[in-house]
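# Secondary and tertiary structure notes
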Amino acid sequence: MLNGLDEIVWKDLSHAYGSAQDTPDLLRRAASEDGATAAKAISDLHGSLFHQGTVYPATVAAVPFLAEFAAHAPRRRHEFALMLGMLADDHHAYGDEFADVRSAVAAQSGLLAGLLDDPEPSVRAAAAYATATAGVTPDVLWRRWPVENDPAVRASLALALAETSPAAARQPLEESAVRGEPRVRVASAVALLRAGFDWPAGTVPALVSAIDIGASIAHPWVRGPEWPVEVAVSASTPLARALIEHMLRSDAARTRTAGLWALSARCDALRSAPPIFVPLITPLLDDPDPAVHEAAMNVLRRAGAAAAQFANAVAAVAARFPETAGNRGFTVEYRAVETLHRLGDPRWVSPVCEAATRGHQPRFSSGAVRFTPAVLNAIQARLKTDPATAETLAGSVSHWGANAEPLLPDLLAAFDHAGPRIAETLLALGHDDPRAVRHWEANARTGDLRAALAVLRLTGNPQAVLDALHTILAGDGRSPSTHPSDIDRLGDALKPMLPVATALLTGTADPVHPRSRPCQSADRGHRMVHRRRRGGVTPGRVAPGGFGTEVLARDVVAAAVAIRERRPTGRFLRYPPGCLQERPGAGRRVDRVHAAHRDLNSVQVLVADG
């Protein structure tokens with residue numbers, strides 16, 4: 001094995017972590033007799049040659065050696081065969097080199113076809129998958145089908161035949177879907193669906209009985225998060241409804257739970273699905289199994305208006321929230337409260353406030369509470385009778401905009417009870433009030449630029465803005481929540497920020513590999529910045545530590561803020577400005593003060609001409 005390994009100039013090839021010069025050693029260790037050594041090397045090869053699905057130039061060169069291992073390695077041969085199959089499968093692999101990688105795997109089709117007769121069932125099952133993705137003619141698969149007795153291998157063959165010769169495979173797959181071993185039933189049903197064929201009578205109960213005992217399909221064959229989700233989303237409405245209904249009626253709790261997740265996926269994928277499928281959960285709202293009960297509530301939480309018919313049942317569960325508010329994790333009562341939030345049903349207000357009086361301050365997703373007049377009235381009534389609940393309720397309305405105006409008098413009246421929380425809500429609603437200034441000043445010192453600008457509006461004092469900028473540029477605060485152009489008006493007042501901003505934009509950068517995501521992001525940002533550039537901007541090199549006098553303080557600071565937008569921990573080059581794609585205003589600022597990421601020893605800056 002490994003003939004020709006050293007003839008390849010691996011250092012000139014790249015993988016996920018840069019130069020592929022380490023690949024020969026990994027390949028040698030992957031063929032080790034020692035199980036632990038081989039396992040570690042295989043894991044490292046996955047991480048470098050096939051990183052999260054991406055393939056690289058080094059992947060192409062490695063394919064022949066991986067094929068050798070699938071046939072002759074002392075152990076874990078099925079893992080190499082599966083890896084080859086996934087490298088050729090566009091459901092798992094992608095990248096600029098994918099076509100070359102797939103061609104390289106196809107060149108090993110003869111070797112892969114031979115593995116269909118391997119004495120190890122795990123290798124045969126992997127080979128069936130790899131031959132299908134590599135484009136091998138189906139004849140070799142058909143020769144194996146009548147003589148194969150191992151259920152896992154037959155399941156893989158069923159899926160492979162549907163991929164390579166769907167018309168010829170229809171009849172044997174229909175028979176297997178109803179009368180095959182459980183794993184073969186599952187694979188055959190999925191294969192028929194992928195080939196575009198209807199299921200024969202009896203498939204649904206046969207499939208659900210297989211699910212009941214844990215039958216599934218092998219991971220490489222899965223398309224999406226889980227195969228039941230694929231079936232539920234891609235099947236016709238009558239077929240999907242029949243399958244999900246049978247799953248929800250199963251005696252096995254795990255099958256009912258899987259059915260609920262499949263139902264939820266169908267509703268997420270198709271806007272027409274919730275009115276048809278959500279009513280199927282009715283018998284499960286009182287299911288004795290906690291996992292099923294929780295999954296049913298999750299369906300309602302995501303079902304939109306279709307969940308309204310169950311509002312009374314949801315409210316009954318939410319009423320128990322004070323008893324479980326102190327529990328770890330997301331309880332079914334917590335999910336019920338969230339569902340009422342989304343429905344705009346006011347019956348969440350009392351249990352949430354009751355939980356707060358017991359010492360629990362629950363946190364829910366920002367912007368989750370839907371505005372309705374009923375919810376507005378319930379919150380207003382609670383604030384009037386118990387102002388202390390403002391600590392709990394104020395954040396619930398911060399995204400309501402003008403709809404929250406009727407609550408402002410009640411929120412301001414409760415300021416002594418929940419000043420910091422109310423100040424945050426006023427800031428979100430755009431309501432400037434002098435009583436909030438001290439709280440906004442405190443937030444500014446943590447890097448809240450929006451709060452700092454509110455202080456500036458009310459007092460005319462820029463110190464809060466300078467405090468916020470200092471924290472942001474030092475990398476110690478929250479990510480900026482405002483547009484860098486918001487600080488333009490400060491002009492010369494920003495000069496105290498120049499030292500820290502300049503230090504971020506100049507000097508020796510932290511090295512990153514050109515193919516890494518930060519540098520690829522910088523490439524995109526760099527191209528976008530230059531597309532936006534107008535006349536009057538010329539490139540000029542500056543020494544680490546300073547900018548030309550033509551560069552305005554506001555542009556230096558705004559450029560630095562744009563870089564800090566994603567909480568970087570190093571200099572400019574470590575986290576280049578990919579955010580420029582999403583923040584055109586920041587792009588225009590960095591256009592004037594732009595560090596080119598390719599030069600790791602100095603920084604190139606665009607200096608405005610006057």
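Up top is the structure these notes are about.
Rules of the game
- Residues numbered from 1 in each chain as written.
- Predicted model: local features only at pLDDT ≥ 70, side-chain atom pairs only at ≥ 80, totals over all residues.
- Heavy atoms only, no water.
- Salt bridge = Lys/Arg side-chain N within 4 Å of Asp/Glu carboxyl O.
- Buried < 20%, exposed > 50% of the residue type's maximum accessible area, 1.4 Å probe, protein only.
- Helix = DSSP H or I, 4+ residues; strand = E, 2+ residues; numbered from the N terminus.
- Phe/Tyr/Trp six-rings, centres within 6.5 Å; stacked < 30°, edge-to-face > 60°.
- Lys NZ or Arg CZ within 6 Å of the ring centre and 35° of its normal.

## Considerations on the pattern of salt bridges
For the structure shown, the criterion picks out 28 salt bridges. Measuring nitrogen to oxygen at the nearest pair gives 3.5 Å for the salt bridge that ties Glu 181 to Arg 183. Glu 181 sits in the partly exposed class, given a relative accessible area of 28%. Between Arg 194 and Glu 230 there is a salt bridge whose closest N-O contact spans 2.8 Å. Taken as a pair, Arg 194 in helix α11 (residues 182-195) and Glu 230 in helix α13 (residues 227-234) lie far apart in primary sequence, 36 residues in all. Since its relative accessible area comes to 25%, Arg 194 is described here as partly exposed. Residues joined by salt bridges that share partners form a network here, namely Asp 117, Arg 124, Arg 144 and Glu 148.

## As for the packing of aromatic side chains
Counting across every chain of the model gives eight aromatic pairs. Taking the centre distance of 6.4 Å and the plane angle of 50 degrees together, the rings of Trp 10 and Phe 65 count as tilted. Of this pair, Trp 10 sits in the segment before β1 (14-15) while Phe 65 is found in helix α3 (residues 57-72), placing the two residues 55 residues apart along the sequence. Taking relative accessible area as the criterion, Trp 10 reaches 4% and is therefore assigned buried. Phe 65 sits in the buried class, given a relative accessible area of 5%. An aromatic cluster is built from Phe 321, Phe 330, Tyr 334 and Phe 364, whose rings are joined through pairwise contacts. Geometry around Trp 145 places Arg 154 over its ring, the cationic atom sitting 3.8 Å from the centre. Positioned above the aromatic ring of Phe 330 is the side chain of Arg 335, whose terminal nitrogen or guanidinium carbon lies 4.2 Å from the ring centre.

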